[in-house]
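Structural overview for review
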Amino acid sequence: MSTTGLELQGISRQIGPRTLLQELSLHVPAGECLALLGPSGCGKTTLLRLVAGLDPLSSGRIVLQGRDISRLDPGRRRVGMVFQSYALYPHLSVEGNLALGLQVRRVPRPEQQQRIDTVLELLQLTALRQRLPAQLSGGQRQRVALARALLRQPDVVLLDEPMSNLDAQLRDTLRPELRRLLCGAQHPVLYVTHDQQEALGIADRIAVLRDGQLQQLGSGRELYDNPRNVFVAEFLGRPAINWLQAEPGLQLGLRPEHLHCTPEGGLEARVLNREWLGTQQLFWLDTARGPLRMLKAADWHPPERLQLHWRRQDELWFDATSGERQASG
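Rules behind the numbers
What you see as residue numbers is a count from 1 along each chain, following the sequence as written. Since the coordinates come from a predicted model, pLDDT governs what is reported: local features require at least 70, and pairs of side-chain atoms require 80 or more to be given and counted, while whole-chain, interface and lining totals use all residues. To obtain the side-chain values, all non-hydrogen atoms of the structure were used and water was disregarded. For the purposes of this entry, the term helix denotes a DSSP run of H or I that reaches at least four residues, the term strand denotes a run of E that reaches at least two, and both are numbered from the N terminus. Accessible area is worked out with a 1.4 Å probe on protein chains only. A residue is then buried under 20% of its type maximum, exposed over 50%, and partly exposed in between. The contact rule is simple, with two residues in contact once any of their heavy atoms fall within 4.5 Å. Each accessible area is a Shrake-Rupley result for a 1.4 Å probe, and residues are judged covered by the shown protein chains and nothing else. Between any two strands, pairing holds if DSSP finds at least two bridges. Angles shown run from 0 to 180 degrees and are taken between the N-to-C directions of axes, each axis being a line fitted to C-alpha atoms and, for helices, limited to the stretch in contact. Angular relationships are summarised with four words: roughly parallel below 35 degrees, roughly antiparallel beyond 145, roughly perpendicular across 65 to 115, and oblique for the angles in between. Working rule for handedness: look at the near helix, and if it is turned counterclockwise from the far one by less than a right angle, call the crossing left-handed; if clockwise, right-handed. The nonpolar class holds Ala, Val, Leu, Ile, Met, Phe, Trp, Tyr, Cys and Pro. Asp, Glu, Lys and Arg form the charged class, and all remaining residues, Gly among them, are polar. Centres within 6.5 Å are what make two rings of Phe, Tyr or Trp a pair, Trp counting through its six-membered ring; a difference in plane orientation under 30 degrees is then read as stacked, over 60 as edge-to-face, and the rest as tilted. Two limits define a charge over a ring: the Lys NZ or Arg CZ must be within 6 Å of the ring centre, and within 35 degrees of the ring normal. Salt bridges are defined by distance alone: a side-chain nitrogen of Lys or Arg within 4 Å of a carboxyl oxygen of Asp or Glu.

Section: the overall build of the protein chain
Looking only at helices and strands, the protein chain has 8 helices and 19 strands in total. In terms of overall dimensions, the protein chain has a C-alpha envelope of 75 × 45 × 35 Å along the principal axes. Within the protein chain, buried positions represent 49% of all 329 residues. In the protein chain, the share of contacts with a sequence separation of at least 24, taken over all contacts with a separation of at least 6, comes to 62%. With an accessible surface of roughly 15,900 Å², the protein chain has 48% of that area assigned to carbon and sulfur atoms.

This is the structure:
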């Protein structure tokens, strides 16, 4: 492995009989944003807390920029962390919130001002420097929290559900902005989220976790097109993947956008319902091989009947017992 960036070498976290994280290994190079994606309780936040030093390792090593930080106190790890709650001091201005950490670390005053000015400009907060947190929007408070993390000049930035408190429209607005900021980083970034759209829109790679174990690691496109198992196939994709009754021992997955209509000779389907999504409609269908969802720019109505087909290269086959991906049906 490279000595740059962040290396997690077989790290585990166990409390009594309960295993929160099990022998997980990852390498996040400098300049990369890696999203940790998975349902509640899968180990995402536990992993961040281990890197930050807030929880002790049960086994394994954490190496940051070639330095073993596994047993270091949190204050000596050079970690910048953005929490789900912004944790800003309400009686301090934006500039005051940013300056406090520098004062605690006894950074000389001229250097404090220079670093604060730089990070305010980077995050487009200069005009807001004298405002109190209550005078800021949710997106602005989120940027202040990120600015505070960057002021530590960290070797790694950890973000724990930083946009979960924002409404959907604001999250959509901030995703490309946050992506721009994180892409320009000179350090590795770990981004925890349970929102797949957030992970796909912001991260360079995604690590899907389940029950403390790594299920698959790769780009969003790799995970979507070539899921390693049923869990990854179901977790990535909105609308969710379809499952068709197949030959014994196997199950067939098809993405809703991969279903098409044919004049004749296909799988007969009856339209049960439809949901308009703007440029396309999501159709709920009933077939002899089970219920299906199809995404199309069409205008069919219940109880219209259709003939469905799909390309063989779009089929995703899985072992019905283990859930692991198979080469073909």
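Considering the pairing of strand β2 (residues 18-28)
Pairing analysis gives 7 bridges linking strand β1 (residues 6-15) to β2, with the strands arranged antiparallel. Across the sheet, residue Leu6 finds its bridge partner in β2, namely Val28. Hairpin connection, β1 to β2: the antiparallel pair is bridged by 2 residues, and Gly16 has positive phi, about 60°.

Things to note about the sheet that holds strand β18 (residues 316-319)
A sheet is described by the order of its strands in space; here 4 strands give the open sequence β11-β12-β18-β19, paired in antiparallel fashion. With one partner strand each, in any of the chains shown, β11 (242-244) and β19 (325-326) form the two edges of the open sheet. Bridging between strand β12 (residues 250-254) and β18 involves 4 bridges; their strand directions are antiparallel. Residue pairing in the sheet places Leu252 in a bridge with Trp317 of β18.

Details of the packing of helix α2 (residues 94-104) against helix α3 (residues 109-122)
Where α2 contacts α3, the axes come no closer than 10 Å and their chain directions differ by 130°. Our classification of the angle between α2 and α3 gives oblique. Every pair of crossing elements has a handedness; the one defined by α2 and α3 is right-handed. Contacts from Val94, Glu95, Leu98, Ala99, Leu102 and Gln103 of α2 reach α3 at Gln112, Gln113, Arg115, Ile116, Val119 and Leu120. Within the contact of α2 with α3, the residues separate by chemical class into 7 nonpolar, 3 polar and 2 charged.

A look at unusual backbone geometry
Residue Pro239 is reached from Arg238 by a cis peptide bond, and omega for that bond is 0°. Mapped onto the elements of the fold, Pro239 is located in the loop between α8 (230-235) and β11. In the segment running from Pro302 into Pro303, the intervening peptide bond is cis, with an omega of 0°. By secondary structure assignment, the location of Pro303 is in the loop between β16 (292-296) and β17 (305-309). One non-glycine residue, Arg78, lies in the positive phi region at around 55°. Judged by relative accessible area, Arg78 falls into the partly exposed class, the value being 39%. Despite not being glycine, Glu161 has its phi angle at roughly 50°, a positive value.

Topic: α2
For α2, the full list of buried residues reads Val94, Glu95, Asn97, Leu98, Ala99 and Leu102. Positive phi shows up at Arg106, right after α2, with a value of about 60°.

Thoughts on the packing of aromatic side chains
All told, the structure shown has 3 aromatic pairs when counted by the stated rule. On the numbers, 5.1 Å between centres and 55° between planes, the contact of Phe283 with Trp300 is tilted. Taken together, the residues span a long stretch of sequence, with Phe283 in strand β15 (residues 281-287) and Trp300 in the loop between β16 and β17 at a distance of 17 residues. Trp300 carries the same exposure label as Phe283, and that label is buried. Against the face of Tyr224 rests Arg255, its NZ or CZ located 4.0 Å from the ring centre.

A short note on the environment of Gln124
Along the chain, the position of Gln124 falls in the loop between α3 and α4 (138-151). As a C-alpha pair, Gln124 and Leu182 span 58 residues in sequence and 14 Å in three-dimensional space. Those residues in contact with Gln124 that sit more than four places away from it in its chain are Arg143 and Arg180.

Things to note about the pattern of salt bridges
For the structure on display, the rule yields 15 salt bridges. As a salt-bridge pair, Arg115 and Glu111 come within 3.1 Å of each other at their nearest N and O atoms. Of this pair, Arg115 and Glu111 both sit in helix α3, separated by 4 residues, roughly a single helical turn. For Arg115, a relative accessible area of 11% translates into the label buried. A salt bridge links Asp286 to Arg270; its shortest N-O distance comes to 3.7 Å. Pair noted here: Asp286 is in strand β15 and Arg270 is in strand β14 (residues 267-276), with a separation of 16 residues, a long-range link. By relative accessible area, which is 27% here, Arg270 ends up partly exposed.

Any functional reading would require information that these geometric values do not contain.
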